[in-house]
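Each chain is listed here by its residues.
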Amino acid sequence: MEVQDLCTCLQKLGLQHKSAVSLEQTETDYVMDIAAQTKGGKDSLVAATSSNHTIRLFSRLSLAETAVLKGHEDVISGIQFLHSDPDLLLSSSHDKTVRIWDPRVSSTKEVQLFKAEGQADCSLLSGGINATDRLICAGTEKVSEDVYLLFWDRRKATLLGCYSESHDDDITQVVWHPVMDRYVLSGSTDGLLNVFDLVHKSEDDALMSTFNTEATVARAGWCGPDGNRYVYCITHMDTWHVWEYSECDSIQQIADIKEQFQGQRKVDYLVDCVQGSAENDRWFLAAGSHTGQLHLLDLASTDQVQIVASLEGGHTDTVRCLHWDQQTETLVTGGEDSLLCLWSPGATGISPVDTKQIYCNNTNTEDKSSTKQKQVNPVHSFLFELKHRDREEKNDETEEGTKMKVQ
Amino acid sequence: MSKLNRDGLRESIDAVLKHSTDKKRKFTESVELQISLKNYDPQKDKRFAGTVKLRHTPKPKMKVCILGDQVHCDQAKANDIPHMSADDLKKLNKDKKLVKKLAKKYDAFLASESLIKTIPRLLGPGLAKAGKFPSPIGHNEAIVGKVDDVRATIKFQMKKVLCISTCVGHVNMTADELYSNITMSINFLVSLLKKNWQNVRALYIKSTMGPVQRIF
């Protein structure tokens, strides 16, 4: 039942809105990543990163820009809205920081900043926060012989710990399980996907499964039945892989999708997975051409991959990211043409003249009241070794009151 | 391949081979392909990386070890290929030093599908850290073919500099074999680039100790 619905939804999509992310005419800024509030629905916001180091927020259904977050000094590698507090947005960057933003407070200063230290203080190529908004994880680039998965407790700025034994090259993807707050997936250009269970103390024990794509991981995530029990991966060579996360069964491995579509409807690259609600056991793959056509592929039969819908008239260049919202049945896509496109059921498309360059004068009222950090009830204790190669961290308890030397 | 001068390539290959025979080294020199890119921004554009299987093995001396189930270990024994069974792995007792030693001993690993799931539990992350996590072999696959595949596969990755180098052969191969490997590599690399030949600034081949020969 559910299967038929998602497929039908995708087939009904038409272009509704386009929104340009940058005003620069000379050099186009790419839209590199999209995140959406987990609550979904018609009032929800969508965030898009631009290669000019800014994050822009848009209202989903009108693509009207609501805020521009400036502050990162280098490429932004990942964005994610928080779960329980959907106004907050987390971002990781090559400028070695993870930041949490509250656009209601300020769009030029983050409300929280997280950094690593010592040898682990390097470019962050990926980042995310877990389902209970308690733990932040970021993956670094490889520096000399080491590469790190860094962990922070959101309530503290200092690094909680790191893993450094499970990858051999840049960690390009870090994705927490959308519901189970103890599992995190990391993907690297060493070709491996690792799944960690953070209930365990040490890195060795936490490492649950390792999958070898025999290529380099470009995009990874969770999908599948029973609340997303599968991990998926798209490599830089556009091969597609799906495995079950704990029993490690191979679900799907397709290496030749591009080769199957070389005619009129061409596939030059894979974008991302499109899936319905967590109970859905079917998913679709979005693939595109460098001229901006986007095709939604049905992978049910691995021998005969089929196109269920082609989305045209939207992008004019490579599509880099997307987000599907089950509630509104809309798809938002972002590309190297600097555009965001909204595809909704039954829309008949817009004329090319209608491409709005929407720039929002930041009318967010300066709300000076600081958002109080909610008291989070500790559900689990995530304990793992602190690994510091250079200096040991001594926690000095600041003592209240003065010490009086009694003579 | 229309952009590449075939005769020019053959001449360059001959030059590389001649140079290696003129000045014979004490080891078998590798032949590398170097590609330098243009119109590509590593900050914005998608990473350029992948693996490709060549027709003629560029690294025949690559040491591969099979981590196998009963069937695969028997095949390995029959073909004189080093192997270890699940029990052998258990004997390592997840000792980091032993796992590291094992990783150093071989260039690559292959593991039966049934065994590969247990690697993190049996050995910990040691093989992954060494960049040698095994590739899977299906239960019904013959290992000899897979071992040859592993030896014939090259990996390339663009980091921050617009230049990549990969090993595509060695000086004891014939000119035809080198020609085949080089054209195959170039075709694959160019097909992965967004603007194909418009992204290629130059191509070179060279032997390990020899001078560079420009081919594009």
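A quick note: this is a predicted structure, and the numbers were derived from the prediction, not measured.

Quick notes on the rules
Residues numbered from 1 in each chain as written. Chains lettered and ligands numbered in written order. Predicted model: local features only at pLDDT ≥ 70, side-chain atom pairs only at ≥ 80, totals over all residues. Heavy atoms only, no water. Contact = heavy atoms within 4.5 Å. Buried area = accessible area lost by both parts, 1.4 Å probe. Salt bridge = Lys/Arg side-chain N within 4 Å of Asp/Glu carboxyl O. Polar contact = N/O pair within 3.5 Å; in protein donor to acceptor, adjacent residues only side chain to side chain. Helix = DSSP H or I, 4+ residues; strand = E, 2+ residues; numbered from the N terminus. Buried < 20%, exposed > 50% of the residue type's maximum accessible area, 1.4 Å probe, protein only. Core = buried A, V, L, I, M, F, W, Y, C linked by side-chain atoms within 4.5 Å. Pairing = 2+ DSSP bridges. Axes fitted to C-alpha atoms, helices over the stretch in contact; angles between N-to-C directions.

Colleague: Any chance you could break down the interface of chain A and chain B for me, citing the residues and the numbers?
Modeller: Contact with chain A, which involves 47 residues of that partner, is made by 29 residues of chain B. Both faces combined, the contact of chain A with chain B buries some 3,200 Å², and carbon together with sulfur accounts for 46% of it. Put simply, chain A and chain B have 9 salt bridges between them. For B:Lys129, the salt bridge identified is with A:Asp146, shortest N-O distance 2.9 Å. Here chain A and chain B share 20 residue pairs in polar contact (both at pLDDT 80 or more) between them. Sort the elements by how many residues they give to the side of chain A that touches chain B and strand E17 (residues 207-212) of chain A lands first, with 5 residues.

Colleague: I'd love a proper account of the pattern of salt bridges, names of residues and values included.
Modeller: Side chains that differ in charge, positive against negative, can pair when their charged atoms come close. One pass over the full model with this rule turns up 30 salt bridges over all chains. Put simply, A:Asp317 and B:Lys194 hold a salt bridge, and the shortest N to O gap is 2.8 Å. Taken as a pair, A:Asp317 in the loop between strand E25 (306-311) and strand E26 (319-325) and B:Lys194 in the loop between helix H9 (175-192) and strand E9 (200-207) lie in two separate chains rather than in one. The exposure class of B:Lys194 is partly exposed, given its relative accessible area of 25%.

Colleague: Let's hear about the nonpolar core: which residues, and what values?
Modeller: The biggest cluster of nonpolar side chains holds 35 residues, and the ones touching the most others in it are B:Ile13, B:Leu33, B:Phe48, B:Ile182, B:Ile186, B:Leu203 and B:Ile215. Listing elements by their share of this core, those giving two or more residues are helix H1 (6-22), strand E1 (30-37), strand E7 (153-157), strand E8 (163-170), H9 and E9 of chain B. At 7 residues, H9(B) tops the list of elements feeding residues into this core. Residues contacting B:Leu203, with those up to four places away along its chain left out, are B:Leu4, B:Leu33, B:Gln34, B:Ile35, B:Ile186, B:Trp197, B:Gln213, B:Arg214, B:Ile215 and B:Phe216. Listed in part, the 22 residues of the second largest apolar core include A:Cys7, A:Cys9, A:Val308 and A:Val319.

Colleague: Let's hear about the sheet that holds strand E4 (residues 83-85) of chain B: which residues, and what values?
Modeller: Hydrogen bonds along the backbone pair up the strands of a sheet, which may run parallel or antiparallel. Residue and element names in this part refer to chain B. A sheet is described by the order of its strands in space; here 4 strands give the open sequence E4-E3-E5-E6, paired in parallel fashion. Each having just a single partner strand, E4 and strand E6 (135-137) make up the two edges of the open sheet. For this sheet, the mean angle separating the axes of adjacent strands, direction not counted, is 25°. Sitting on the sheet, helix H8 (residues 143-152) touches strand E3 (64-68), strand E5 (108-112) and E6, and the angle it makes with E3 is about 140°.

Colleague: Can you explain the sheet that holds strand E14 (residues 171-176) of chain A? Please cite residues and give values.
Modeller: Residues and elements named next belong to chain A. Taken in spatial order, the 4 strands line up as E14-E15-E16-E17 in an open sheet, and their pairing is antiparallel. Edge positions in the sheet fall to E14 and E17, since each has one partner strand and no second. Strand-to-strand twist in this sheet, taken as the mean axis angle between neighbours without regard to direction, amounts to 15°. Where E14 lies against strand E15 (residues 183-188), 5 bridges are found, and the strand directions are antiparallel.

Colleague: How would you explain the pairing of strand E19 (residues 230-235) of chain A if you had to name every residue and give the values?
Modeller: Residue and element names in this part refer to chain A. For E19, the tally of buried residues reaches 6 of 6 residues, placing the bulk of the element in the interior. A two-sided burial pattern is seen for E19, the buried positions comprising Tyr230, Tyr232 and Ile234 on one face and Val231, Cys233 and Thr235 on the other. Pairing between strand E18 (residues 217-223) and E19: 6 bridges, direction antiparallel. Bridge pairing in E19 links Trp222 to Val231. Pairing geometry for E19 and strand E20 (residues 240-244), over 5 bridges, is antiparallel. In the strand pairing of E20, Tyr230 is matched with Glu244. Hairpin connection of E19 to E20: 4 residues between the antiparallel strands, including Asp238 at a positive phi of 65°.

Any link to function would need more than the numbers given here.
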